[in-house]
Amino acid sequence: MAEITTTLVLLKTKNRVRAGIICLVLSLAFFSCFNLKSQDLRIPLYTGKIPNSKPNKVKEKFDNEYKNALTGITVPDIAVYRPTREFSTGRAVLIFPGGGYWIESIELEGRDIARYLTTIGITAIVVKYRLPSDELCLNKHEVPLMDAKRAMRIVRAHAAEWNIDSQKIGVIGFSAGGHLASTLGTHFDYGNKSSLDTIEHFSSRPNFMALIYPVISLKDSVTHPGSRKQLLGNNPPSKLIEFYSSELQVKEDTPPTFIVHATDDKVVGVQNSLLMYRALKEKNIPTEMHILSEGGHGFGLASKSQQVGYWTTNLKLWLESLQ
Amino acid sequence: MYEGKIPNSKPSEVKEELVHGEHTWLFGVTNPTISVYLPQSKYATGQAIIICPGGGYRLLSYDNHIEGTDVARYFNSLGIAAIVLKYRLPLNETSTEPYNAPLMDAQRAMRIVRKHSSKWNVNPNEIGIMGFSAGGHLAASLGTHFDHGNPLSQDSIEHESSRPSFMILMYPVISFSRPSLASNSRKNLLAGAESDTLLKFFSCELQVNEKTPPAFITHAEDDKVVSVEHSLLMYEALCNANIAAELHILPVGGHGFGLINKNQHIASWKYNLELWLKSLQH
């Protein structure tokens, strides 16, 4: 604040041009300072060349006209939000914002969620994954899952440093981000110990997953057509549809799951969650599911509705019940 | 609940018997009653809930903390009137059509509460039914087999509608239609009278239509007595009929976890219920 006051005083003096420049520099410094406070750390997912990417001139864009969302992500990263040390539970959650694999709703389904999680003692990591695009990627459908796995490994690699229990790292995903979370929960690996890159030694298995109004199935009758088209293009082969239909991919080691959906969701049908629930139950994966009578799609923390917003308390109680 | 002779009953030696043990069980119910618990009038929201205890249609589970007095008082603390229904158990010795006795009593209870609504500070359009386990089957049966009353009846109670304004189904038995979902409730309700017609009639998921009231359903995934599939089927049927429905499935809790539970996680559904009930208030 002192610096800003100085700027204001300077503005009153003769050298207005110079003051203007100082003002700009200081406000940039001020805002980057603010950013540093809102997240504690930002780490790129890859050092050196980003795998599965094409050279391009695309620039990342934050659109505050439309859903405060990001597009054109070429450099994926994670933003880490840490809880007050004395309240830390040792638990961490990676957050995958939604946006139909077309945009990323980085505030409503990213930063807001991270801030909430830190208040209940959880280290929150917002994952800015790449969106599937033929312009930016070689095999576009592989890119979000690749980034999700990498993000999980990086967090696990930093577990001790960040006071996290490496067996208490889960994921939460919203809408298409819920699809991504569920593909990670069904297609993880336990790491590659012979890799030269030590990050790759770590497991990408989430210890639990929370799927919030998720896209689950990419099958014609159930899917969210927009997400499928973005991920797999038009007329995808049935093998890919199966691979990315998470209800068909649940395995014995799929982690415990928490699901929230609203009956009146007109964008992603509640059938997605029901299919996933039955698949998880079939494999005896402990699952909690809350289907609300109303809420629509994309409600995020739903801070304005007590009824819908209660899902966060359900989530907290569920997390506390996990061993 | 009835004046004079109880319909669908016959003289018998059966006597009501209350058994106290780890749980409190009531057997041989032949004389149905309702117990009314009202909130202080200044806190009354206008909502009322008729509570149907469970017990596989063989007995009534009368534990206070699950479906009895404590639960009624809990609803009272929310400004909601609570009415505990002691319904008849289906017994060949006591009824001519035993399978009809519980539903008949539930319909009658709904009409009685509606009839007394103004006296009890209840809004006649906000009277719901809640049932646990087999009581959930009874509640869902009422939600799918009600009528709007018979204005020609000499008994003015029969003028009232038996439609519940909402249903709360706790780890309910829903379906009699699938061998994989066989239950004691089905066996006891239809003892000796299992016909395709009755199996279908009492499979609530097959009876849902656009007039079925909104529903709140809770079940635990590890329920070994009544499979969670019952609740899923009911939710899907409601969803397909465009009825506003809410479904909460907990990973743990088993069967019969009731409303008041020391485990905060298992008890959490009751806040979801509170908020849902609030969303229904006019």
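Residues numbered from 1 in each chain as written. Chains lettered and ligands numbered in written order. Predicted model: local features only at pLDDT ≥ 70, side-chain atom pairs only at ≥ 80, totals over all residues.

## A look at the overall build of chain B
At step 1: Along chain B, the regular secondary structure elements total 8 helices and 10 strands.
At step 2: Computed over the C-alpha atoms, the radius of gyration of chain B is 17 Å, within 12% of the 19 Å expected from 2.2 N^0.38 for a compact globule of 282 residues.
At step 3: Taken along the three principal axes of its C-alpha coordinates, chain B extends 45 × 45 × 40 Å.
At step 4: In chain B, buried positions account for 51% of the 282 residues.
At step 5: If you take every contact in chain B between residues at least 6 apart in sequence, the share linking residues at least 24 apart comes to 75%. (Helix = DSSP H or I, 4+ residues; strand = E, 2+ residues; numbered from the N terminus. Rg over C-alpha atoms; globule rule 2.2 N^0.38 Å. Buried ≥ 20, exposed ≤ 12 C-beta atoms within 10 Å, placed from the backbone. Contact = placed C-beta atoms within 7 Å.)

## Quick look at the overall build of chain A
At step 1: Tallying secondary structure elements over chain A gives 10 helices and 10 strands in all.
At step 2: When each of the 323 residues of chain A is scored for burial, the buried share is 46%.

## Notes on the nonpolar core
At step 1: Counting residues in each nonpolar core, the largest one holds 161 residues, and the members touching the most others are A:Ile95, A:Ile125, B:Ile50 and B:Ile51.
At step 2: In this structure, A:Ile125 is in contact with A:Ile78, A:Val80, A:Ala92, A:Leu94, A:Ile95, A:Ala151 and A:Val155, ignoring residues within four places of it in sequence. (Core = buried A, V, L, I, M, F, W, Y, C linked by C-beta atoms within 7 Å.)

## A look at helix H8 (residues 269-280) of chain B
At step 1: Between its terminal C-alpha atoms H8(B) stretches 17 Å, which fits the 16 Å expected from 12 residues at 1.5 Å a residue.
At step 2: Within the span of H8(B), buried status applies to B:Trp269, B:Asn272, B:Leu273, B:Trp276 and B:Leu277. Viewed along the axis of H8(B), the buried residues span an arc of 135°, placing them on a single side of the element.
At step 3: Buried residues along H8(B) sit against strand S10 (287-292) and helix H9 (306-309) of chain A together with strand S8 (167-170), strand S9 (215-220) and strand S10 (245-250) of chain B. (Expected span 1.5 Å × (residues − 1). Arc of directions from axis to C-beta.)

## Focus on the interface of chain B and chain A
At step 1: Taken together, the contacts link 22 residues of chain B with 21 residues of chain A.
At step 2: Breaking the side of chain B that touches chain A down by element, the ones donating at least two residues are helix H6 (229-240), S10, helix H7 (264-267) and H8 of chain B.
At step 3: Looking at the side of chain B that touches chain A element by element, the count peaks at 6 residues for S10(B).
At step 4: Here the residues of the side of chain B that touches chain A sort into 13 nonpolar, 6 polar and 3 charged.
At step 5: Direction of pairing for S10(A) relative to S10(B): antiparallel, over a ladder of 3 bridges. Paired with A:Ile291 across the two strands is B:Leu247, which belongs to S10(B). (Nonpolar A, V, L, I, M, F, W, Y, C, P; charged D, E, K, R; others polar. Pairing = 2+ DSSP bridges.)

## Looking at the sheet that holds strand S1 (residues 17-20) of chain B
Residues and elements named next belong to chain B.
At step 1: The 3 strands are arranged S1-S2-S5 in an open sheet whose pairing can be described as antiparallel. Every interior strand has two partners, whereas the edge strands, S1 and strand S5 (60-61), have only one.
At step 2: The pairing of strand S2 (residues 24-27) with S5 spans 2 bridges and is classified as antiparallel. Following the sheet pairing, Leu 26 is matched in S5 by Leu 60.

## Quick word on the packing of helix H4 (residues 143-157) of chain A against helix H5 (residues 176-187) of chain A
All names here are of chain A.
At step 1: Two numbers describe how H4 lies on H5: the axes approach to 10 Å, and their chain directions differ by 70°. Taken together, the axes of H4 and H5 lie roughly perpendicular to each other. The handedness of the crossing between H4 and H5 is right-handed. Across the interface between the two elements, Pro 144, Leu 145, Ala 148, Lys 149 and Met 152 from H4 touch Leu 180, Thr 183, Leu 184 and His 187 from H5. (Axes fitted to C-alpha atoms, helices over the stretch in contact; angles between N-to-C directions. Parallel < 35°, antiparallel > 145°, perpendicular 65-115°, else oblique. Left-handed = near helix turned anticlockwise from the far one by under 90°.)

## Some remarks on the pairing of S2(B)
At step 1: In the sheet, S1(B) pairs with S2(B) via 4 bridges, with the strands oriented antiparallel. In the strand pairing of S2(B), B:Leu18 is matched with B:Leu26.

## Overview of the environment of A:Tyr66
At step 1: Considering the arrangement of structural elements, one finds A:Tyr66 in the loop between strand S2 (61-63) and strand S3 (69-71).
At step 2: Separated by 39 residues in the primary sequence, A:Tyr66 and A:Ser105 place their C-alpha atoms 9.4 Å from one another.

## Digging into the confidence of the model for chain A
Residues and elements named next belong to chain A.
At step 1: Scored by pLDDT, chain A has a mean of 90; 88% of the residues are at 70 or more.
At step 2: In the predicted structure, residues 1-14 sits below a pLDDT of 50 and forms 12 contacts with residues beyond four places in sequence or in another chain.
At step 3: Here residues 20-37 is modelled with pLDDT under 50, and outside its nearest four sequence neighbours on either side it reaches 7 contacts, counting other chains as well. (pLDDT = per-residue confidence, 0-100.)

## Some details on the environment of A:Pro256
Residue and element names in this part refer to chain A.
At step 1: Structurally, the position occupied by Pro 256 is in the loop between helix H7 (238-243) and strand S9 (257-262).
At step 2: It is 34 Å that separates the C-alpha atoms of Pro 256 and Tyr 66, two residues lying 190 residues apart in sequence.
At step 3: Setting aside chain neighbours within four positions, we find Pro 256 in contact with Phe 208, Ile 285, Pro 286, Thr 287 and Leu 322.

## A short note on unusual backbone geometry
At step 1: A positive phi angle is found at A:Ser175, which is not glycine, with a value near 55°.
At step 2: For A:Ser175, the location among the structural elements is in the loop between strand S7 (169-174) and H5.
At step 3: In this structure A:Ser175 comes out as buried when scored by C-beta crowding, with 29 C-beta atoms within 10 Å.
At step 4: A positive phi angle, close to 60°, is found at B:Asn242, a residue other than glycine.

## Re the pairing of strand S4 (residues 48-52) of chain B
All names here are of chain B.
At step 1: S4 sits mainly inside the fold: 5 of its 5 residues count as buried.
At step 2: On S4, burial covers both faces: Ala 48, Ile 50 and Cys 52 on one face and Ile 49 and Ile 51 on the other are all buried.
At step 3: Where S4 and strand S6 (residues 81-86) come together, 4 bridges link them in parallel fashion. When the bridges of S6 are listed, Ala 48 appears paired with Ala 81.
At step 4: With 5 bridges connecting them, S4 and strand S7 (residues 127-132) associate as parallel partners. Considered in S7, the bridge of Ile 51 is made with Met 130.

## A word on the packing of helix H2 (residues 101-115) of chain B against helix H3 (residues 134-144) of chain B
All names here are of chain B.
At step 1: Where H2 meets H3, the axes come as close as 10 Å, and the angle between the chain directions of the two elements is 65°. In this view, H2 runs roughly perpendicular relative to H3, as classed from their interaxial angle. Our pair here, H2 against H3, has a crossing hand that is right-handed. Each of Pro 102, Leu 103, Ala 106, Gln 107 and Met 110 in H2 lies in contact with H3, whose residues at this interface are Leu 138, Ser 141 and Leu 142.
At step 2: Its residues placed into classes, the contact of H2 with H3 shows 6 nonpolar, 2 polar and no charged.

## Topic: helix H6 (residues 225-232) of chain A
Because the α-helix completes a turn every 3.6 residues, residues three or four places apart line up on one side.
All names here are of chain A.
At step 1: Regarding H6, the residues found buried are Ser 227, Arg 228, Gln 230, Leu 231 and Leu 232. Buried residues of H6, viewed axially, fall in a sector of 165°; they line one side.
At step 2: Check the buried side of H6 and you find it contacts H5 and H7.
At step 3: Gly 233 occupies a position one or two residues after H6 and carries a positive phi of about 75°.

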